[in-house]
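Below, each chain spelled out in residue letters.
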Amino acid sequence: MEKNASAIYDVLVGRYIRMVWTHKIQECQADIYTKKEVTIKRRMLILNALTTTSVFSTFLFELGSYFNCGEIIAQSITVILAVLSTFFTFLTKEETYSTKAQECRRYAAKCRDIRSKYEALLSDIKSLRFLDLDSIAQKRDDLEKLEHELFSNTPAPYTSLEARSLAQKKLI
């Protein structure tokens, strides 16, 4: 590989690595959102089941009478469970984790597409398919435009430190 092509190759490697990281971080963030949504929905199911079943209420009243606390403890526990259930219900309406996860996955797919194009170009350069420096530079410019469109037209979805940490573990 000639010296000028090697310089372009090195720049492309850096951009390829950046796209790999961006792709992986977005995928990890999508996984985090999905796990949060599943956890909240499971908690809601349990709390709703506990607050709406008469068996549980009867158990609490019996437990209260056993400890001579009467109905106050039973009612207090039922109220706390109802409040928690309402909180998680509102949380799922406020936080649309599935929508956020889809946004991250969509963005990650765009990053993966550009990453694959970088990878193909790097492979072509390495295999000497492109010997003409102008052809290499043109392909690089085309990829720069794609990358610019992605980063300027579509704001990247939020990524947490947890997602970055997970991506680092998965990539290393």
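Here, the structure is the one placed above.
Attention in this report is confined to the structure presented alongside it.

What counts and how
- Residues numbered from 1 in each chain as written.
- Predicted model: local features only at pLDDT ≥ 70, side-chain atom pairs only at ≥ 80, totals over all residues.
- Heavy atoms only, no water.
- Helix = DSSP H or I, 4+ residues; strand = E, 2+ residues; numbered from the N terminus.
- Buried < 20%, exposed > 50% of the residue type's maximum accessible area, 1.4 Å probe, protein only.
- Contact = heavy atoms within 4.5 Å.
- Areas by Shrake-Rupley, 256 points an atom, 1.4 Å probe, with all protein chains shown as cover.
- Core = buried A, V, L, I, M, F, W, Y, C linked by side-chain atoms within 4.5 Å.
- Axes fitted to C-alpha atoms, helices over the stretch in contact; angles between N-to-C directions.
- Parallel < 35°, antiparallel > 145°, perpendicular 65-115°, else oblique.
- Nonpolar A, V, L, I, M, F, W, Y, C, P; charged D, E, K, R; others polar.
- Phe/Tyr/Trp six-rings, centres within 6.5 Å; stacked < 30°, edge-to-face > 60°.

### Looking at the overall build of the chain
Tallying secondary structure elements over the chain gives six helices and zero strands in all. Out of the 172 residues belonging to the chain, those deemed buried represent 30%. Excluding contacts between residues fewer than 6 apart, the proportion of contacts in the chain whose partners are at least 24 apart in sequence is 88%. Split by element, the accessible area of the chain, about 11100 Å² in all, is 58% carbon and sulfur.

### Focus: the side chain of arginine 115
Mapped onto the elements of the fold, arginine 115 is located in helix α4 (residues 97-126). Those residues within four positions of arginine 115 in sequence are excluded, and the remaining contacts are Tyr16, Met19, Val20 and His23.

### Topic: the nonpolar core
Counting residues in each nonpolar core, the largest one holds 16 residues, and the members touching the most others are Leu12, Met19, Tyr118, Ile125 and Leu150. Where this core is concerned, the elements lending two or more residues are α1 (3-52), α4 and α5 (133-153). Considering every element that reaches this core, the biggest residue donor is α4, with seven residues. Membership of the second largest hydrophobic core comes to seven residues, among which are Ala30, Tyr33, Ile40 and Cys104.

### Thoughts on the environment of cysteine 111
Here cysteine 111 lies in helix α4. The buried category is assigned to cysteine 111, whose relative accessible area is 0%. In sequence terms cysteine 111 and arginine 18 are 93 residues apart; their C-alpha atoms lie 9.5 Å from each other. The residues touching cysteine 111, leaving out its near neighbours within four places in the chain, are Met19, Thr22, His23 and Leu150.

### Re the packing of α4 against α5
Contact pair α4 / α5: the axes reach a minimum separation of 11 Å and the direction vectors enclose 170°. With respect to each other, α4 and α5 are oriented roughly antiparallel. Two secondary-structure elements touch here, α4 through Tyr107, Lys110, Cys111, Ile114, Lys117, Tyr118, Leu121 and Ile125 and α5 through Ile136, Lys139, Arg140, Leu143, Glu144, Leu146, Glu147, Leu150 and Phe151. Per-class residue counts for the contact of α4 with α5 are 11 nonpolar, no polar and six charged.

### Describing the environment of leucine 121
With respect to the element layout, leucine 121 can be found in helix α4. Overall, leucine 121 belongs to the buried group, its relative accessible area being 3%. Sequence spacing of leucine 121 and valine 13 is 108 residues, and the spatial spacing of their C-alpha atoms is 9.9 Å.

### Describing the packing of aromatic side chains
Evaluated as defined, the whole model comprises one aromatic pair. Seen from their ring centres, tyrosine 33 and tyrosine 97 are 5.9 Å apart, and the 35° between their planes marks the pair as tilted. Of this pair, tyrosine 33 sits in helix α1 while tyrosine 97 sits in helix α4, placing them 64 residues apart in sequence. Using a relative accessible area of 7% as the deciding quantity, one classes tyrosine 33 as buried.

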